[in-house]
Amino acid sequence: MSGEMVSAALSGEEEEEEDAALGYYDDEDDLEAFSDAELGCEDGVLGFSDSLNGEVKPRILLMGLRRSGKSSIQKVVFHKMSPNETLFLESTNKICREDVSSSSFVSFQIWDFPGQIDFFDPTFDYEMIFRGTGALIFVIDSQDDYVEALSRLHLTVTRAYKVNPEINFEVFIHKVDGLSDDHKIEKQRDINKRANDDLADAGLERIHLSFYLTSIYDHSIFEAFSKVVQKLIPQLPTLENLLNIFISNSGVEKAFLFDVVSKIYIATDSSPVDMQTYELCCDMIDVVIDISCIYGMSDSEAGLPYDEESMAIIHLNNTTVMYLKEVTKFLAMVCFLRKESFERKGLIDYNFHCFKQAIQEVFDVRVKVQQNRKLLSQRRRSKLTMANGELGNAH
Ligand SMILES: Nc1nc2c(ncn2[C@@H]2O[C@H](COP(=O)(O)OP(=O)(O)OP(=O)(O)O)[C@@H](O)[C@H]2O)c(=O)[nH]1
């Protein structure tokens, strides 16, 4: 009965285009607007002008003073580096940009600006950088004196806002692992107040800053990143709704949609998230990927050992079952349910199948819109070229 309800609610088109679904987020074909020389970049994987890609793959900048922890955050979240190894990371001496986009749902760029370089130098095109940005994360080292960091935050935020008022400004009060709970709250209150006072003095109180306490030594950095990314996903309400329908019809207590590489959750149902549940999900993803890496791949294979066959079941000692299943190339669902509910695994799997189809339909719409816009702009361009040609002949 419940299965039918879900299938009725979720199913739409009959055809299942698995390959298309798996390739939703590939945006390399669309990177056309700026040449590498204009961008001053080294690897050339960039498409600032392409706002559509920005919608499907949220684009995020990570900025902050020297040694605030930017590279460490990137390495720990996206490269599975252990926090202790970041002690040996070398400081970046020039403006350095790195893309994290090929293996994850999250498209993410780190702009590492060494302290002494003025990135508002007229030869440096900051307008172009901010124009295509969805979120700007500014990292402040909470264990250091943060007066300079706050003035740079103010400068960065005000300039960025002028270029693109749509940017979400996210402040990571970082390295809080060394602080007591009271001290953490006190730091957050102080930084929040000073940063907002500076904006008010400049008559810019409409700029909204969000603050997070983070550390690479626990899950707070993943949790904060999840919240930043979720704000940039236009399909979020639909994803949440689908997860709500799925859990209520399957006897599941909690379900998360995870980006497997980064362990960022891009959506969850509307019941509250507690940190422990989230940490368990992260641990489960680690176990699945690590075991698959060691035992699931042949020597010739490369890349992430994660495919449509990927799934795992873990029975906890408190009668809770954790169930992980592949949704797309980058995404997995992790759910929590009671042992009794798991006896109806057939129903859960059927509902999951409907859920997966619905997710594909959601992203299909985006792909179609993207393709239509591309076609339209191509037509416009060729019309313009023809008109110019005719004008040239008339002369
Ligand atoms: N205690 C603590 N130390 C951290 C944390 N994150 C980073 N660090 C340390 O901070 C130092 C600087 O980190 P980096 O990641 O190199 O900082 P960065 O901002 O990239 O520095 P530049 O490349 O100079 O701009 C390293 O020794 C890290 O181990 C954290 O959450 N807690």
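Remember, predicted model here, so these are calculated numbers, not experimental data.

1. Brief notes about the packing of helix 7 (residues 147–163) against helix 8 (residues 181–201)
Thought 1: Viewed as axis vectors pointing N to C, helix 7 and helix 8 meet at an angle of 45 degrees, and their least axial separation amounts to 10 Å. The orientation of helix 7 relative to helix 8 falls into the category oblique. Where helix 7 crosses over helix 8, the handedness of that crossing is right-handed. Contacts between helix 7 and helix 8 involve V147, L150, L153, H154, V157 and T158 from the former and I191, R194, A195, D198 and L199 from the latter.
Thought 2: For the contact of helix 7 with helix 8, the class distribution of residues is seven nonpolar, two polar and two charged.

2. Brief notes about the nonpolar core
Thought 1: I60, F225, L257, M333 and F355 are the most contacted members of the largest nonpolar core, which has 71 residues in total.
Thought 2: In this structure, this core is formed jointly by two domains, domain 1 (59–230) and domain 2 (236–368), each of which donates at least three residues.
Thought 3: If sequence neighbours within four positions are ignored, M333 has contacts with L243, F246, A255, F256, L257, Y323, L324, K325, V327, F352 and F355.
Thought 4: In this structure, Y126, F130, A195 and L209 belong to the second largest nonpolar core, which totals 30 residues.

3. Observations concerning the sheet that holds strand 7 (residues 252–259)
Thought 1: Taken together, five strands build an open sheet; the order of strands is 8-7-11-10-9 and the sheet is antiparallel. The open sheet has two free edges, formed respectively by strand 8 (264–268) and strand 9 (311–315), since each of these has just one partner strand. Each strand of the sheet is rotated relative to its neighbour by a mean of 20 degrees, with strand direction disregarded.
Thought 2: This element, helix 11 (residues 275–295), spans strand 7, strand 8, strand 9, strand 10 (320–326) and strand 11 (331–338) of the sheet and lies at about 55 degrees to strand 10.

4. Focus: the pattern of salt bridges
Thought 1: For the structure shown, the criterion picks out 15 salt bridges.
Thought 2: For E253, the salt bridge goes to R338, with nearest N and O atoms at 3.2 Å. Taken together, the positions of E253 in strand 7 and R338 in strand 11 put the pair 85 residues apart, joining distant regions of the chain.
Thought 3: A salt bridge links D286 to K263; the nearest nitrogen and oxygen atoms lie 3.1 Å apart. Within this pair, whereas D286 is found in helix 11, its partner K263 is found in the loop between strand 7 and strand 8, the two being separated by 23 residues in sequence.

5. A short note on the confidence of the model for the protein
Thought 1: Taken as a whole, the protein shows an average pLDDT of 78; of its residues, 77% reach a score of 70 or greater.
Thought 2: Low pLDDT (under 50) marks residues 1–55, which in the prediction has 100 contacts with non-local residues, meaning those over four places away or in another chain.
Thought 3: Scoring the predicted complex yields pTM 0.75 and, for the interface, ipTM 0.97.

6. Digging into the domain arrangement of the protein
Thought 1: Each assigned domain of the protein is listed here: domain 1 (59–230) and domain 2 (236–368).
Thought 2: Relative to domain 2, the C-alpha centre of domain 1 lies at a distance of 29 Å.
Thought 3: Across the boundary between the two partners, domain 1 contributes 17 residues, which contact 19 residues of domain 2.
Thought 4: Here domain 1 and domain 2 share an interface that buries about 1,600 Å² over both sides, 64% of which is from carbon and sulfur atoms.
Thought 5: Seen at the junction of domain 1 and domain 2, the total is two salt bridges.
Thought 6: Across the salt bridge formed by D290 and K80, the nearest N and O atoms sit 3.9 Å from each other.
Thought 7: Where the side of domain 1 that touches domain 2 is concerned, the elements lending two or more residues are helix 5 (70–79) and helix 9 (220–230).
Thought 8: Looking at the side of domain 1 that touches domain 2, the element that brings in the most residues is helix 9, giving eight residues.
Thought 9: Its residues assigned to classes, the side of domain 1 that touches domain 2 comprises seven nonpolar, seven polar and three charged.

Conventions adopted
- Residues numbered from 1 in each chain as written.
- Predicted model: local features only at pLDDT ≥ 70, side-chain atom pairs only at ≥ 80, totals over all residues.
- Heavy atoms only, no water.
- Axes fitted to C-alpha atoms, helices over the stretch in contact; angles between N-to-C directions.
- Helix = DSSP H or I, 4+ residues; strand = E, 2+ residues; numbered from the N terminus.
- Parallel < 35°, antiparallel > 145°, perpendicular 65-115°, else oblique.
- Left-handed = near helix turned anticlockwise from the far one by under 90°.
- Contact = heavy atoms within 4.5 Å.
- Nonpolar A, V, L, I, M, F, W, Y, C, P; charged D, E, K, R; others polar.
- Core = buried A, V, L, I, M, F, W, Y, C linked by side-chain atoms within 4.5 Å.
- Buried < 20%, exposed > 50% of the residue type's maximum accessible area, 1.4 Å probe, protein only.
- Domains from an automatic or database assignment.
- Pairing = 2+ DSSP bridges.
- Salt bridge = Lys/Arg side-chain N within 4 Å of Asp/Glu carboxyl O.
- pLDDT = per-residue confidence, 0-100.
- Buried area = accessible area lost by both parts, 1.4 Å probe.

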